[in-house]
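# Analysis of the macromolecular model
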Amino acid sequence: MRGYAPEKLENYLSHDLPVAPEAPTFASLGLPELLLKAVEAAGYTHPTSVQAAAIPAAMAGGDLMVSAATGSGKTAAFVLPALQRLISSEKRAVPGGGPRILVLTPTRELSLQVTKACELYGRTLKWLRTASVVGGVPYGAQLRAIRGTLDVLIATPGRLLDLQKSGRLDLARVEVLVLDEADRMLDMGFIDDIRSIVAATPDTRQTLLFSATLDGDVARLAGQLLKTPQRIELASHRDKHEGITQRLHWADNRAHKERLLDHLLRDTTLDQAIVFTSTQRDAERIAAVLEASGHAVAALHGGMPQSQRNRTLTGLRHRRLRVLVATDVASRGIDVPTISHVINYGMPMNSEDYVHRIGRTGRAGRTGLAVTLAEHADLHKIRGIERFTTQRIPVSTIEGLEPRLPEPATHAKPGAGAGRRGNGGRSFSARPHSGRDRDTRSERTTGTPQRARRP
Ligand code: AMP
């Protein structure tokens with residue numbers, strides 16, 4: 001792997017993810033010895049639910065469409081069976097012949113994350129050659145990587161297509177194509193690129209599609225590109241994010257939001273935090289404001305050179321940074337278990353991004369707190385998120401920092417049905433969060449949401 005510093009293995013160890021109900025072992029899934037060793041070295045004792053379902057299904061050779069929540073262990077669910085295929089076949093990659101396994105991801109960050117996972121799960125395969133091809137970085141190292149022998153290529157669609165069209169990358173030997181976070185790739189407008197890439201791979205390939213949702217556009221894409229896929233639906237955006245406590249603070253204006261943010265970041269129980277903004281400019285501005293008030297902070301957004309983004313992420317992993325102020329470029333693919341807080345300073349573009357943002361905390365079996373700072377103009381977005389997740393976000397106030405404006409009257413109705421019956425959603429009341437957000441001021445959480453009105 002090129003382009004960034006190798007990370008310590010310990011960074012990827014986690015032991016507490018929910019495991020499949022009948023608790024199969026990795027060995028019982030039929031994985032070969034070499035991969036069992038790698039999984040053991042990664043510290044995993046049992047497969048997660050998505051791994052238990054998808055690994056044997058993928059090893060059977062057919063196409064799959066899998067919905068799995070962020071942080072569910074989905075990367076190993078496609079990497080392990082793909083590596084098993086490489087191990088079990090007589091074929092070997094030929095220099096300049098292109099990859100045998102191709103993984104497409106929506107963002108560079110996710111590409112790099114998947115590349116690291118591949119190296120972790122394939123560490124016992126001495127011959128394994130893995131590379132990533134992403135936009136925003138120089139071509140040199142990537143070209144050298146694809147000119148040599150290459151087993152697994154992880155790529156973002158734009159740069160990959162660029163290399164394929166210019167004849168520098170051959171996709172004719174792809175045996176397994178993985179579309180990771182397919183919903184996000186469609187949202188980002190990659191549909192034509194994906195079609196062109198798929199057309200350059202052989203018809204005999206196995207296609208594995210992973211997505212937060214399997215409906216709508218994703219279902220249409222699967223209908224066009226997959227052959228009688230097996231559908232594995234384990235978790236979805238409707239899942240309750242068990243380890244993550246969500247909370248909403250109404251703010252009167254920007255200045256009030258900044259005071260709330262400063263208060264939240266001074267919480268001594270906060271380990272590391274990602275503060276999400278809606279714009280690159282806000283990411284820069286907030287990072288500068290926080291730095292001036294003494295926080296160990298950096299900004300991360302798509303307008304920064306890739307080398308700088310990589311350095312910032314390494315700083316976060318190595319805990320040189322306590323706070324990362326980022327746009328949605330960081331809402332997927334960042335897997336740092338010590339992130340205890342996610343704070344939405346600016347609202348996400350869509351409800352799905354909200355789910356991905358809050359999934360940056362509560363990882364690897366830990367708990368996390370996701371706080372949204374919203375102004376009244378954000379009400380419709382909050383309502384949309386609550387409908388999407390079918391969960392109410394409990395409203396909180398901080399003593400001394402209460403909003404002066406009254407709470408907006410139409411605080412949402414989560415999910416169809418519950419609100420209509422007017423039961424208010426007692427099930428959405430706040431859960432205490434192990435005293436995490438208390439320091440000098442105390443906080444109150446509104447347990448009983450207001451009566452919902454139809455939009
Ligand atoms: P992913 O959803 O693939 O991004 O994985 C989320 C996190 O779970 C990563 O930190 C993985 O290292 C970790 N992980 C994946 N599979 C397992 C497993 N079977 N047991 C424990 N941790 C796992």
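To start, this report covers the structure provided alongside it. (Residues numbered from 1 in each chain as written. Predicted model: local features only at pLDDT ≥ 70, side-chain atom pairs only at ≥ 80, totals over all residues. Heavy atoms only, no water.)

## Digging into the overall build of the chain
Our working definition: Secondary structure elements follow DSSP: runs of H or I of four or more residues count as helices, runs of E of two or more count as strands, with numbering from the N terminus. Partly exposed describes any residue whose relative accessible area lies between the buried limit of under 20% and the exposed limit of over 50%, with all areas from a 1.4 Å probe on protein chains only and scaled to the type maximum. Contact definition: two residues touch when any of their heavy atoms are within 4.5 Å. Shrake-Rupley sampling with a 1.4 Å probe provides the accessible areas, and residues are treated as covered by the protein chains on show and by no other component.
Counting its secondary structure elements, the chain contains 14 helices and 15 strands. Sorting the 455 residues of the chain into buried and exposed places 58% on the buried side. Counting only contacts in the chain whose residues sit at least 6 apart along the sequence, the fraction spanning at least 24 positions is 78%. Carbon and sulfur atoms provide 51% of the accessible area of the chain, an area that totals close to 18500 Å².

## Let's talk about the packing of aromatic side chains
Operational definition: Any pair of Phe, Tyr and Trp rings, taking the six-membered ring for Trp, is counted once the centres come within 6.5 Å. Such a pair is stacked with planes under 30 degrees apart, edge-to-face with planes over 60 apart, and tilted for the rest. Whether a charge lies above a ring is judged from NZ of Lys or CZ of Arg, which has to be within 6 Å of the ring centre and within 35 degrees of the ring normal.
One pass over the structure, following the stated rule, counts 2 aromatic pairs. Sitting over the ring of tryptophan 127, arginine 92 keeps its end group 4.5 Å from the ring centre. Above the ring of tyrosine 139, the side-chain terminus of arginine 159 is found at 3.8 Å from the ring centroid.

## Focus on helix 12 (residues 306-317)
Keep this limit in mind: Here the expected length of a helix is defined as 1.5 Å per residue gap, with one fewer gap than residues.
Look at helix 12: 16 Å from first C-alpha to last across 12 residues, which is about the 16 Å you get at 1.5 Å a residue. Burial analysis of helix 12 places 9 of its 12 residues in the buried class, which makes it a mostly covered element. All of the buried residues along helix 12 are Gln306, Arg309, Asn310, Thr312, Leu313, Thr314, Gly315, Leu316 and Arg317. Looking at the buried side of helix 12, the elements it contacts are helix 4 (108-121), strand 9 (272-276), strand 10 (297-300), strand 11 (323-326) and strand 12 (339-344). Arginine 319 occupies a position one or two residues after helix 12 and carries a positive phi of about 65°.

## Points about the pairing of strand 4 (residues 152-155)
Quick note on the threshold: What makes two strands pair is DSSP finding at least two bridges between them. Seen with the strands pointing away from the viewer, any crossover whose path from the first strand over the helix to the second strand runs clockwise is right-handed.
Residues Val152 and Ile154 line one face of strand 4 and the alternating positions Leu153 and Ala155 line the opposite face, and both faces are buried. Pairing geometry for strand 2 (residues 101-104) and strand 4, over 4 bridges, is parallel. Residue pairing in the sheet places valine 103 in a bridge with isoleucine 154 of strand 4. When strand 3 (residues 130-133) meets strand 4, the two strands line up parallel, connected through 4 bridges. Following the sheet pairing, alanine 131 is matched in strand 4 by leucine 153. As for the winding sense of the linkage, the β-α-β connection from strand 3 through helix 5 (residues 140-147) to strand 4 is right-handed.

## A closer look at the packing of helix 6 (residues 157-165) against helix 8 (residues 191-199)
Which entries qualify depends on this criterion: Axes, fitted as lines to C-alpha atoms, cover a helix only where it is in contact. Angles between the N-to-C directions of the axes lie from 0 to 180 degrees. Relative orientations are named as follows: roughly parallel for angles under 35 degrees, roughly antiparallel for angles over 145 degrees, roughly perpendicular for angles from 65 to 115 degrees, and oblique for any other angle. Crossing handedness follows the turn of the near helix against the far one: under a right angle anticlockwise gives a left-handed crossing, and clockwise gives a right-handed one. Think of it as three bins: nonpolar holds Ala, Val, Leu, Ile, Met, Phe, Trp, Tyr, Cys and Pro, charged holds Asp, Glu, Lys and Arg, and polar takes everything else, Gly as well.
Across the interface, helix 6 lies against helix 8 with an axial gap of 10 Å and an inter-helix angle of 45°. It follows that helix 6 is oblique to helix 8 by the angle criterion. You can see that helix 6 and helix 8 cross each other, and the crossing is left-handed. Between helix 6 and helix 8, the contacting residues are Pro157, Gly158, Leu160 and Leu161 on the first element and Asp193, Ser196 and Ile197 on the second. Class assignment for the residues of the contact of helix 6 with helix 8 results in 4 nonpolar, 2 polar and 1 charged.

## Comments concerning unusual backbone geometry
The phi angle at glutamate 181 is positive, at roughly 50°, despite the residue not being glycine. Structurally, glutamate 181 can be placed in the loop between strand 5 (176-179) and helix 7 (182-187). Look at glutamate 181 and you get buried, because its relative accessible area is 4%. The phi angle at arginine 319 is positive, at roughly 65°, despite the residue not being glycine. Along the chain, the position of arginine 319 falls in the loop between helix 12 and strand 11.

## Digging into the side chain of aspartate 252
This is how it is decided: Charge assignment: positive for Lys and Arg, negative for Asp and Glu; neither His nor the chain ends contribute. Salt bridge, as applied in this entry: a Lys or Arg side-chain nitrogen positioned within 4 Å of an Asp or Glu carboxyl oxygen. Pairs of N or O atoms within 3.5 Å make up the polar contacts considered here, provided that, within protein, one atom can donate a hydrogen while the other can accept it, and that residues adjacent in sequence are counted only when both atoms are side-chain atoms.
Position of aspartate 252 among the secondary structure elements: in the loop between strand 8 (244-250) and helix 10 (254-265). For the buried aspartate 252, no salt bridge exists, and the shortest N-O distance to an oppositely charged side chain is 4.2 Å, to arginine 404. Engagement of the side chain of aspartate 252 in a polar contact is seen with the backbone nitrogen of arginine 404, the distance being 2.7 Å. Engagement of the side chain of aspartate 252 in a polar contact is seen with the backbone nitrogen of leucine 405, the distance being 3.0 Å. When near neighbours in sequence (up to four residues on either side) are disregarded, aspartate 252 contacts Glu375, Pro403, Arg404 and Leu405.

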